[in-house]
Amino acid sequence: MRTRFRLQFRTPAALGIAALFVVAACYSGSLASALPTEPAGPSPSSAPKDTGSATPEPLNGCGSADLWIEYMPYTTESLAGHGSDFVVVDVVSFEPAIFNTPDGKAPPDFLKQPSSLPPNPTAQTLIYTPVNVVIDDVVNGAWSDGPVQFLIEGGTVPIEDSTVDCFTARVYGAPRVELGSRYVFVVSEALDSEGQKPLLLSKARFAWPVDSKGIVTTVDGPMSIDQLTEVVAAAASSPDPKATMAGN
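A brief report on the enclosed structure follows. The shown structure was predicted, so the numbers you read here are calculated from the model rather than taken from an experiment. (Residues numbered from 1 in each chain as written. Predicted model: local features only at pLDDT ≥ 70, side-chain atom pairs only at ≥ 80, totals over all residues. Heavy atoms only, no water.)

### Notes on the pairing of strand E5 (residues 127–138)
Here strand E3 (residues 85–94) pairs with E5 via seven bridges, running antiparallel. Note that in E5 the partner of Ser-93 across the bridge is Asn-132. Relative to E5, strand E4 (residues 98–99) is paired through two bridges, and the arrangement is antiparallel. For Ile-98, the partnering residue across the bridge sits in E5 and is Tyr-128. Both E5 and strand E6 (residues 146–153) contribute to a ladder of eight bridges, which runs antiparallel. (Pairing = 2+ DSSP bridges. Helix = DSSP H or I, 4+ residues; strand = E, 2+ residues; numbered from the N terminus.)

### Describing the packing of aromatic side chains
Under the counting rule described, the total for this entry stands at eight aromatic pairs. Between Tyr-74 and Phe-206 the ring centres are 4.9 Å apart and the planes differ by 35°, which places this aromatic pair in the tilted class. Taken together, the residues Tyr-74 in the loop between strand E2 (63–70) and helix H2 (76–81) and Phe-206 in strand E10 (residues 198–209) connect sequence positions 132 residues apart. Taken individually, Tyr-74 and Phe-206 each receive the classification buried, so the pair is uniform in this respect. Between Phe-150 and Phe-185, the aromatic rings sit 5.8 Å apart at their centres with planes inclined by 70°, giving edge-to-face as the arrangement. Taken together, the positions of Phe-150 in strand E6 and Phe-185 in strand E9 (residues 182–191) put the pair 35 residues apart, joining distant regions of the chain. Its relative accessible area of 0% is what places Phe-185 among the buried residues. (Phe/Tyr/Trp six-rings, centres within 6.5 Å; stacked < 30°, edge-to-face > 60°. Buried < 20%, exposed > 50% of the residue type's maximum accessible area, 1.4 Å probe, protein only.)

Next up, the structure:
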């Protein structure tokens, strides 16, 4: 799938020009992998206002990166047809942001100018904010009702032994969720910084608001949980999702 993105960086002068370019190298790979494949249909604009919890503002003296994701078109059907899970959740709290590394800390080469192209082209250094939720309903996938944690791209993490105390990644296009609100999370696996192994926590790629009457603001317009379940089930059972989408 092709994606389009624009990068803009704001960092303290202490980082220097070299650090700006290496941050771009660390993050440019993440954008393409974070998007649904085989898109078809209009892109959504249903994300609620950001409370600042899931994508914190930068602290004084910290480096930061502003990233924009321009999604290719997609539908509920195309997302489901390519393996995404759908769960209805209530957002409970947020945890401090982490890197997609085994210990959650910055990799040794983060904010350092690379001397050559990376040997592993699938390696992607990402920043995630863990979100604590309670699953209220499972539309599809191997999930159970109750408390669980998902990842949302972006956030602020401390950087040890660096020229800055912390680093903030603001990803415009990632879900923005509010405490105490209900959403349908569109979920898929999140890979480690080597781009090879799934992390223990899955990623919420999209968050569709659910109102007090149980109506979901999906990419295809408002629908009930039952209607969403029917669409997802039909797409998952389709022998050829591409053929199904071509008829839309």
